[in-house]
Structure formats: structure tokens, C-alpha cells
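Coordinate analysis (summary)
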Amino acid sequence: MFYLIYIFVIIAASAVFSQTAQNETEKIVVNAVRTEEIITIDGVLSESVWQNEFAVTGFIQKDPNEGEPASQKTVVRFTYDDAAIYIGVRLYDSSPDSIINRLARRDVYTNSDAVWIFLDPYCDKQTGFYFGINAAGTLYDGVLFNDGWDDDSWDGVWEGKATIDDKGWSAEMRIHFSQLKFQSKDEMTWGVNVRRDITRNNERSYLVHVPKTESGFVSRFADLTGIANIPPGGSIEILPYLTTKAEYLYRDVNDPFDNGSKYIPAIGVDLKMGIGSNLTLNGTVNPDFGQVEIDPAVINLSDTESFFNEKRPFFIEGASIFNFGVGGSNNYWGFNWPGPDLFYSRRIGRVPQGSAPNADYVDYPSGTHILGAAKLTGKLGDGWNIGTIQALTSDEKASLSIDGSREKVEVEPMAYYGVFRGQKEFNDGAQAVGFISTVTSRKFGDERLRKEINSGAYIGGIDGWSFLDSSKEWVLTGWLGMSHVTGTPDRMIRLQRSAIHYFQRPDAKNYSVDSNATSLTGYAGRFYLNKQKGNVFFNSALGFVSPKFNSNDLGFMWRADAINFHVGTGYRWTDLTSWTRHAELGIAAYRNYDFDGNLSGHGLFHFGFLRLLNYYTVNWNLAYNPPSISNRLTRGGPLTQTPAGYQVNMNVGTDFSKDAAGRVGFYSYRRPGYSYNREIYGALELKPTTNITLTVSPSIRKNNEFAQWVGAFTDPLATETYGKRYVFANLDQTTISAGIRLNWTLNPQLSLQLYVQPLISAGSYYNFKELKLGSSADYMVYGEEGSTFNKETRIADPDGSGPANPIQIGNPDFNFKSLRGNAVLRWEYLPGSVLFLVWTQTRTDFEDIGDFNFNRSVERLIDTVPDNIFMVKFTYWFNM
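Nothing here was measured: the structure is a model prediction, and the numbers come from that model.

This next bit is on the overall build of the protein. Looking only at helices and strands, one finds four helices and 47 strands in the protein. Here the C-alpha radius of gyration of the protein, 29 Å, is about what a compact globule of 880 residues would show, namely 29 Å. C-alpha extents for the protein along the principal axes are approximately 100 × 65 × 55 Å. Per-residue burial over the protein gives 53% buried out of 880 residues. Counting contacts in the protein only where the partners sit at least 6 residues apart, residues at least 24 apart contribute 66% of the total.

An order of β17-β20-β21 is seen for the three strands of this open sheet, with the pairing classed as antiparallel. Two strands close off the open sheet at either side, each with one partner strand: β17 (361-363) and β21 (405-412). The average undirected angle you get between the axes of adjacent strands in this sheet is 25°.

What follows deals with empty space enclosed by the protein. For the coordinates displayed, the defined rule picks out three cavities of 30 Å³ or more. Space inside the largest cavity adds up to approximately 690 Å³. If you trace the largest cavity, you find 46 residues lining it, with Thr-127, Lys-181, Ser-320, Ile-321 and Gly-378 closest to the centre. The dominant element in the lining of the largest cavity, judged by the number of residues it contributes, is strand β18 (residues 370-380), at four residues. In terms of residue class, the lining of the largest cavity is built from 14 nonpolar, 23 polar and nine charged.

To continue, consider the confidence of the model for the protein. In this model, the protein carries an average pLDDT of 90, and 95% of its residues clear a pLDDT of 70 or more. Across residues 1-24, confidence stays below pLDDT 50; counting only partners more than four residues off in sequence or on other chains, it has 35 contacts.

One broad trend across soluble globular proteins is that nonpolar side chains are buried collectively. Ranked by internal contacts, the top residues of the largest apolar core, which has 43 residues, are Phe-78, Trp-190 and Leu-224. Setting aside its immediate chain neighbours within four residues, Trp-190 contacts Ile-85, Leu-119, Asp-120, Pro-121, Cys-123, Phe-177, Leu-180, Phe-182, Ala-222, Asp-223, Leu-224 and Ile-227. Membership of the second largest hydrophobic core comes to 29 residues, among which are Tyr-332, Val-419, Ile-500 and Ala-541.

Once that is clear, we can look at the sheet that holds strand β41 (residues 788-790). The pairing of strands in a sheet happens through backbone hydrogen bonds and is either parallel or antiparallel. The strand order β41-β42-β43 describes an open sheet built from three strands, whose pairing is antiparallel. Taken across any chain shown, the strands that pair with only one partner, and hence form the sheet edges, are β41 and β43 (807-808).

Under the definition given, this model contains 36 salt bridges. Salt-bridge contacts for Arg-102 lead to Asp-659; the nearest nitrogen and oxygen are separated by 2.6 Å. Here Arg-102 is found in the loop between β4 (84-92) and β5 (114-120), whereas its partner Asp-659 is found in the loop between β34 (645-653) and β35 (660-671), with 557 residues between them in sequence. Exposure remark for Asp-659: the relative accessible area of 45% places this residue in the partly exposed category. Residue Arg-448 is joined to Asp-446 by a salt bridge in which the shortest nitrogen-to-oxygen separation is 3.5 Å. Residue Arg-448 is classed as partly exposed on the basis of its relative accessible area, which comes to 25%. Through salt bridges with shared partners, a single network forms among Arg-106, Asp-141, Asp-155, Arg-826 and Glu-828.

In this structure the tally under the stated criterion is 47 aromatic pairs. With a centroid separation of 6.0 Å and an interplanar angle of 20°, the aromatic rings of Phe-335 and Tyr-590 are classed as stacked. Taken together, the positions of Phe-335 in the loop between α2 (313-316) and β17 and Tyr-590 in strand β29 (residues 580-593) put the pair 255 residues apart, joining distant regions of the chain. Neither Phe-335 nor Tyr-590 differs from the other in exposure class; each is buried. Relative to Phe-605, the ring of Phe-335 lies with its centre 5.3 Å away and its plane at 75°, an arrangement referred to as edge-to-face. Residue Phe-335 is found in the loop between α2 and β17, and its partner Phe-605 is found in strand β30 (residues 599-612); the two are separated by 270 residues along the sequence.

The set of residues buried in helix α3 (residues 489-496) consists of Arg-491, Met-492, Leu-495 and Gln-496. Buried residues along α3 cover an arc of 135° about the axis, so they all sit on one side. Close packing links the buried residues of α3 with β25 (474-486) and β26 (519-531).

Following the sequence through the fold, Pro-798 ends up in the loop between β42 (795-797) and β43. A residue is classified by how much of its surface remains accessible, and Pro-798, at 5% relative accessible area, is buried. Sequence separation of Pro-798 and Gly-786 is twelve residues, and the distance between their C-alpha atoms is 7.6 Å. Setting aside its immediate chain neighbours within four residues, Pro-798 contacts Arg-725, Glu-770, Met-780, Tyr-782, Ser-787, Ala-804, Asn-805 and Ile-807.

Time to look at the environment of Asn-286. Looking at the element boundaries, Asn-286 is found in the loop between β16 (279-285) and α2. Those residues in contact with Asn-286 that sit more than four places away from it in its chain are Tyr-241, Ile-267, Gly-268, His-369, Ile-370 and Leu-371.

On the surface, Tyr-616, Met-650, Val-652, Val-664, Phe-666, Ile-680 and Ile-700 cluster together into a nonpolar patch covering about 580 Å² of accessible area. Contributions of two or more residues to the nonpolar patch are made by β34 and β35. By secondary structure assignment, the location of Val-664 is in strand β35.

Glancing now at the pairing of strand β24 (residues 456-467). Sheet topology places strand β23 (residues 431-443) next to β24; eleven bridges connect them, and they run antiparallel. Among the inter-strand pairings, Ser-441 is bridged to a residue of β24, identified as Gly-456. Of the strand pairs in this sheet, β24 and β25 are connected by twelve bridges, and their pairing is antiparallel. Bridge assignment links Ser-466 to a residue of β25, and that residue is Leu-476. Count of turn residues in the β24/β25 antiparallel hairpin: six residues, of which Lys-472 carries a positive phi of about 55°.

With respect to the helices and strands, Gly-810 occurs in the loop between β43 and β44 (814-830). Residues Gly-810 and Thr-793, spaced 17 residues apart in sequence, show a C-alpha to C-alpha distance of 7.7 Å.

Take unusual backbone geometry next. Here the amide bond leading from Asp-63 into Pro-64 is cis, since omega sits at 0°, within 30 degrees of zero. Here Pro-64 shows up in the loop between β2 (60-63) and β3 (74-80). If you check the backbone angles, Asn-202 has positive phi at about 50° while not being a glycine. Examined against the element boundaries, Asn-202 turns out to sit in the loop between β11 (187-198) and β12 (203-206). For Arg-794, which is not a glycine, the phi torsion comes out positive at approximately 55°. Following the sequence through the fold, Arg-794 ends up in the loop between β41 and β42.

Rules used throughout
- Residues numbered from 1 in each chain as written.
- Predicted model: local features only at pLDDT ≥ 70, side-chain atom pairs only at ≥ 80, totals over all residues.
- Heavy atoms only, no water.
- Helix = DSSP H or I, 4+ residues; strand = E, 2+ residues; numbered from the N terminus.
- Rg over C-alpha atoms; globule rule 2.2 N^0.38 Å.
- Buried < 20%, exposed > 50% of the residue type's maximum accessible area, 1.4 Å probe, protein only.
- Contact = heavy atoms within 4.5 Å.
- Pairing = 2+ DSSP bridges.
- Axes fitted to C-alpha atoms, helices over the stretch in contact; angles between N-to-C directions.
- 1 Å grid on protein atoms, 1.4 Å probe; cavity = no way out; pocket = protein on both sides within 12 Å on 5 of 7 lines; lining within 4 Å.
- Points joined across faces, edges and corners; volume = space filled by probe spheres on them.
- Nonpolar A, V, L, I, M, F, W, Y, C, P; charged D, E, K, R; others polar.
- pLDDT = per-residue confidence, 0-100.
- Core = buried A, V, L, I, M, F, W, Y, C linked by side-chain atoms within 4.5 Å.
- Salt bridge = Lys/Arg side-chain N within 4 Å of Asp/Glu carboxyl O.
- Phe/Tyr/Trp six-rings, centres within 6.5 Å; stacked < 30°, edge-to-face > 60°.
- Arc of directions from axis to C-beta.
- Patch = residues over 30% accessible without salt bridge, like charges linked within 9 Å, V, L, I, M, F, W, Y side chains within 5 Å.
- Areas by Shrake-Rupley, 256 points an atom, 1.4 Å probe, with all protein chains shown as cover.

Okay, here's the thing in C-alpha cells:
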């Protein structure tokens, strides 16, 4: 490992001496004027302030003809009073009847003529806000971070209107100062940029243009001056909510806990308070964390957890401050890097982790109740970004029915969760250093759970970046973290043997299960060196996760015990040619080791991208993986060999600015003579009217595995595999799924969204076999080499009439059908105040047969009794 670090340092040092002078351009200055005039936000620039001389124009195209003046004139003015900043935009168009004004719900992007305002009120050249409005009046907003990344999960309370006339169209915005973070001074300078989209031309132009071969966005903003004597912040926003949920679920008719229907009312309040002008305190009492959007159905046959994105408003607002380990660089390639997250907010309020004793009927909680939570985010003086989340969850109990008697048992203890994040920037974002710390502490009411759940978990990490030259062409970024998990010896044994660690591996050299351990302490880190300016790009990284590292109490990780590094380079063509508008080609190589030095993966990778003159796109990638070693296939057993494989992936997309557009592609991964995966996928987007969008994303996947895990069976006679027989089988799996979404927007405040996801997956297991020898890819198929296998009873005898015990394998075949969908009516009847009407329906069916039969599966889904959930949620926004 040390020679890899040495090589990485040498590359970093060489980058320091490749400094080039930064091209200096004349700084654009935009002036905002104070007004006493009352401005009506109607999209009509009728107020006299919109005729003042302090207008900005002169936009430059980024697409389609980079560097040329915008094809249509745009005039922008800024004004303000004590409460808000106002933006008025006149967007001239020589063909007003050609303006594309597609209507969508808030923050749902659709190809339409639009104008976007980007603000850096703190003028830190790294973070900010954006506000957009299209020609139909749809509003967009979000936050900016890492000098150009964006996150649309933030929803500010602001107003915007647009109107189309014979000159083109115009827009007005009113953004209250309480929605922004800035350092209050008598006179302030903010950063600002403006973008205009003209969809029929696929044109995107900016007030401040950043060339495609360069990086950075916020750091290049124009200066917005003239804002002075703004009263300090400190407003209080109160958002009470009221929900009523009706559940009609299919249950056993004899279930004493549920007759199939439940009615669950709830009331609570969210609070947001500005502390000064640059800090925000969010609090919640009895929070409503019911999801409006449902998670997709997945078929997971691996030994790792499925990852789902956060969708709860309290956690997603301002989440970018808690991003750890990324910053400075604009791209982070992975290449089989397990990538642990030190903070994963879905752990708070998760489904209870504890088991329930055997019973006739069990009423198990669907989630953990959050008693209260608070979040503080914002900036402190001299470049510090800070964030903290504090949450307390209640203990949860499952109700049991045993022979007619009832009792309750604890399945999740009361827990405290704390997250602390800080980051300081230097030299206008050229360098930064930060830290994160998370705490999980549990109070057990049932000692039984101490064997199943960690008592406490503590994470600490530092991160940062440094540009290595004045032009910010080369950047070095990275992070280091340490974890410490505590619990009883029984719990630590279970944790060490879990799929993340597999300490029980019989051929492991540097670790084993410690039955006396009451804690587990590990470390992890990753360092990146990237070149991100110019036509030539370079991307490299070195990372490691020690065998004892564990962040899963308040983070997320797939596995420990990994050392990963990659190096890649490529070239981008941004100038228009006779047949392309943009092209990229790249190549990379990577390697993975475990801490025993086993080569657990390596390969060569090539990728390419083309944007043609007609705006069609072509993406492809090719990969080759030479033979390697797997320390996970036997799920805690000995090593195995992984044969060589290769990958081909390609997709073609049409121009998505059109009323009908689509994308189709295929994926194939094959290990010759061993296994293969194939998938055909696509997406079709139809816009039959300006306010209706239909998207359909179907896929069909064929998976044929030579060695799919079945189970491990103890047998002292299996000396070549350390006293256990590791049983696998061929798996023939077919999966068909689709995501179907209809968005119908009646006006910018009222929309209906329908979503349906059908999924059918069938898997047939055959040629049951056992691993012959550790560190090999040799298997004995039952029924051959003196062994026997009864297909009716699925009993295998490894040595026929010999002394080895028979193995009862069982029937792992499956046929899973799912139909999930919901309908969401959203009405923002006042700014910040929303009424939701939600209907969710789920149908599932399972059979232990492996044959794929589409017609039969559809018929069974139709005949399945569905689960229905109806919810009404009412919120009202108070600003004090």
C-alpha cells in the first residue's frame, strides 16, 4: 500500500509545478437600486423602477455556439427595499409565437424557455442560491455548493410571475431577505449570475460565461453592488401541519391487531428561525415524516443493503452542508470504490432493527417515532460553514399474540442522534478544511436487544481540498475518518460476522472474530488528484476502508476491508465540427485489494460521449476485468477466484427539447463460460400539451449466474473448505420493470402527479453445486463425481453412500410480482402553504416457482388484493 501512496504523492507534487497563469477578465458589476415603490409581482414590468438606467445585458452563449453573443436580447434589473430583493427581466424575442412555455409543477424541470438568477449573498465564491422561472410561470429554486454543484431540495418561500407579449416575455421575482443567508453590513457586495434558456434553439446563455473547458461557477460571478442598510435577519417561520391517513391493508382475517383498516390523525409543527442574517435554526415537534413519494420496488439477491434517497423535507433542506469528503474537485470517479457515507439521514426514524419473538401474530411498527429534532445551518464569520442535527427517537414496541394472549416487546430502543459539521474556506475557496462528527447513543428497555443492536456509535472525520496552482487547474482533495462502535460481546460477535465485515472468514490472515470484544474501531479515507481545466482531463484517487470500520448506525456502507485506487484521463472536444457539437473520450484503470493483500478486482475502462448536430446523444463504455479474487462470494467463507469478464454498455438519445423524445440502450456483462447479464432499457417522454408530460422507462434484464449463493452447511468432513460446504447454483433470472409517470399541471400552484411501477422477476435455480477448494473457481455439481441429488426433495449427498451428511437445500426459486403507484395532488394555495391529497396503492404476489410467465404474472397481479393508503396533509406558513 505504501508504494501506492508514494506514487500518488509524486503525481501531486508534479502537478504543483504545472501552474499556469489564470486568464483575467474584466469584472462585470451589476447595480441594485433601492426603491420605495410598491411592486406588484404579476410579470408585467409596469413599475417605474423597471425603467431605471441600471440594466445589465450582453449575454454570451454557452450552447449551441459557445462564446458568441446570445441570439436574443435580455435585460435584467435588480431593486430592493427593507424586506426583499426584486428582479425584473425583459426577454426579447423576435418570434414571440415560437416561445416554448411548458407548464410543470414546482422544481420539475421541463424543456421550456426560462430565466435563472444565481445569487451568492455571502460572497464566499463557493455557495449560493438559485431562482428560476419559465415562460409558463413554473418556479425553480435550490442551493449552490462546491462552486457549481446544485441541489433543488431546498424550497424557499418567494414569488415569481411571467407573461408573454408581442416583444417576447417578461418575468418578475420577489425574494424575501429572510430566505437568504448573508453577512449583514452597511454596504454589501453579493455575487450574481443570470442564465437564459431559449429551447427551440437549444440555446443557453449567461451574463457571466464559463468556458466548457474550465471549472468553477460561483467563484466567477459578477459583483452585485448597491444593497445597503438592510435590517438584520431574525424572522420566524412557523409551519403547522395536520394529516389524516386512512390505511386499507390486506391482512389475515384472524389477525387480532388489524381488521384491514386504520385511521391515523396527526398534528405537529415545523419551525424555522433566522439567527442573525446568516444562520437558520430548524425545529420540529412531532414531525410528519410520511413520504409523499414511494420508494421503488427492488429485487436484491446480494449480501448488501439497498440504498434509497432521502425524501423527508426536514432532512433534505440544507442537506448540502452535511456533504462530507467532496469539495474543490468537480468530479469523483468511483471504479468499485465502496464509498462509505459518514451521515445517512434515513437512519433517523428507520424501521426498527430488533427481532420479535415467535408468535401467532405480530404487529410490528413500520417506523421509529421521532420525538423531536432540531437543525442549525449557516455561516459564521471568516469563512466557516456549520451544521448540526439533534434528534431523539422513542422506543418502539411490537405487539404479539400467542395462543390468544397478548403482550408487547421492545424492538427499537430510545435513541439520541447527533451530527456536527463544520468547514472553513481560505483564499476565496482555494483551500478548505472541515470536520464531521456523529453520535448515536441508545437506552435499552429490554436487555434482549443489547445482543442485536449497538449500544453506541461514534464517527469523526476531517476533510478538505487545496488547489495546487493559481489557475485552479489541479486540485487535491480528500478525507480521513474513524469509527468506534460499542456493544455487548454477543452484539460485537454478530457485527463482526455481518456482511459488512465477514471476520469469520477461515482463510483471513490479519483478523478474526474476537468473542470478548465490546467495541470495534476502524478507519477509512480517500484522496483525489484531479485536473479539471482544459481539453485534457485527469482523474485519480486512492482510498481505503479498514476491516473494522463501521458507519452504519448513522451512516451507510456496503462493505469494509477495501483498498482502491484508479487513474484515468481523457480529452474533450467542445468546438463545433461538421458532425458534432461536443465529444469526449476517456480511459481509466483501477485496482482493488483487501487488507490481506488479495487482488479483489481490477480492470480497464473506456468511455465516450457524442452530441451530434441534431442534438442526439450517444454514450458508450467498455470494460475488461482480468481474473481476480473474491472475499465475499462465500459470505464469510473462504476466498474464491473470479474469472475474467468484459462489459459493453451503449445508449442513444434524441433531442429532449422536442414534444416527443426518447432514449434506448443496452448493457451486457459476460464472464465467458461462467455467467452473463444483459439488459435492454429505454425512456420515452411525450408532451402532448404544454401542461402534460408522460414518461415511460421500461427495462428487461436477463441474469444468468454460474455461482449464485444458496447457503453454507457445516460438515467436518469438508476439510478443503474449512469444515463447511458452500452451496451455489446456476440462476436463470428474468426481470421486467417500468417507471410510468404522468405530470398534469393545471397552473403553477396546482398539479397532479401519477406514478406507477410494475415489476415482475422470476428466478430458477439449477445445477446445485458446492465449492471444491478455497481460493479456486472449482465446483462439484451435485449428481456428478460420486455425489447425488434428488430433484424432487432437493436433497444433496456430497459423497453418495459415503459418510458425509445429506444436505436439505430447499427451494430457492422465486417469482415476485409488484405493482406500486401513487397519485399526488399538490396545491400551493398561498406561498409556502400547501395542501396534499395522496393515494398510494401496492400489489405484491410471491410464488416459489422459477418460471417466467408474463401473462400469468399480470393475471395474478390483477387478482391480488391491493393495499391502499389515503392521506390528506394541510400546512400553513406563518412568517413573523
